[in-house]
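Remarks on the overall topology
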Amino acid sequence: MNNTSIQTIVAKSLPALSGESLTYNAAKNVYLTLGYTSAAGNMYYKAIRFSEKLAVFYHIGQGYARTFLNGITLFCWDGTKAKIIGQKFWGGYDWRDFSEYFAKEQSILMLRDFLTSQAKLQGAHVSDQDVMAYSRTLIEETQRKQLA
């Protein structure tokens, strides 16, 4: 599948990207949305990673001296479109410098929480270790290069 095909599929499947221009940064293995600049001069954009099952949106702010992780939105595929299954935002006094490790770990924890709640809703018991290991596997799939 070529880059244009992937961009078309992602734009149609992820409502948050409708009408946005995507570029692929091969060095970081991430899709980037077109950003905007605030009145304070900071740049804001989304960095996106996805697999066949999930999409992870990092909401990023780029200041003059630092790059910030302002939030994470986690989507799953419902067969026809993406559905938000988790969101976490930082800001104010709780801001975070962007770190690939921190962003990945937060994504894993968000997915773990979602899967744990789904298991409870279904009356199933799954060990915490199994849920955590599966969550890690699914998030790591989003970090693999998706281009041929």
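Everything in this summary refers to the structure shown in the same document.

Definitions and limits used
- Residues numbered from 1 in each chain as written.
- Predicted model: local features only at pLDDT ≥ 70, side-chain atom pairs only at ≥ 80, totals over all residues.
- Heavy atoms only, no water.
- Helix = DSSP H or I, 4+ residues; strand = E, 2+ residues; numbered from the N terminus.
- Buried < 20%, exposed > 50% of the residue type's maximum accessible area, 1.4 Å probe, protein only.
- Polar contact = N/O pair within 3.5 Å; in protein donor to acceptor, adjacent residues only side chain to side chain.
- Salt bridge = Lys/Arg side-chain N within 4 Å of Asp/Glu carboxyl O.
- Pairing = 2+ DSSP bridges.

Brief notes about the overall build of the protein
- Looking only at helices and strands, one finds three helices and seven strands in the protein.
- Sequence-ordered secondary structure for the protein, helices as α and strands as β, is α-β-β-β-β-β-β-β-α-α.
- Within the span of the protein, comprising 148 residues, buried residues form 35% of the whole.

Here we look at the side chain of Asn29
- Looking at the element boundaries, Asn29 is found in the loop between strand 1 (22-25) and strand 2 (30-33).
- One polar contact links Asn29 to Tyr24, side chain to side chain, over a distance of 2.5 Å.
- From its side chain, Asn29 meets the backbone oxygen of Arg144 in a polar contact 3.5 Å long.

Examining the pattern of salt bridges
- Per the stated rule, a full pass over the model turns up five salt bridges.
- For the salt bridge of Arg49 with Glu100, the shortest nitrogen-to-oxygen distance reads 2.9 Å. A residue pair is termed long-range when its members are at least 10 positions apart, and Arg49 in strand 4 (residues 43-50) and Glu100 in helix 2 (residues 100-121) qualify at 51 residues.
- As a salt-bridge pair, Arg136 and Glu105 come within 2.9 Å of each other at their nearest N and O atoms. On the criterion of sequence distance, the pair formed by Arg136 in helix 3 (residues 128-142) and Glu105 in helix 2 is long-range, its members being 31 residues apart.
- Given a relative accessible area of 27%, Arg136 falls into the partly exposed group.
- According to the relative accessible area criterion, Glu105 is buried, its value standing at 14%.

Remarks on the pairing of strand 4
- In this sheet, strand 4 lies alongside strand 2 in antiparallel orientation, the contact comprising two bridges. By the bridge assignment, Leu32 is partnered in strand 4 with Ala47.
- As defined by bridge partners, strand 3 (residues 36-37) adjoins strand 4 across two bridges and the pair is classed as antiparallel. Bridging from a neighbouring strand, Tyr36 pairs with Tyr44 of strand 4.
- Hairpin connection between strand 3 and strand 4: a loop of five residues separates the two successive antiparallel strands, and Gly41 in this loop has a positive phi of roughly 90 degrees.
- Taken together, the eight bridges between strand 4 and strand 5 (residues 54-62) define a ladder with antiparallel strand orientation. Directly across from Tyr44, in strand 5, lies its bridge partner Gly61.
- In this antiparallel pair of consecutive strands, strand 4 and strand 5, the connection spans three residues.

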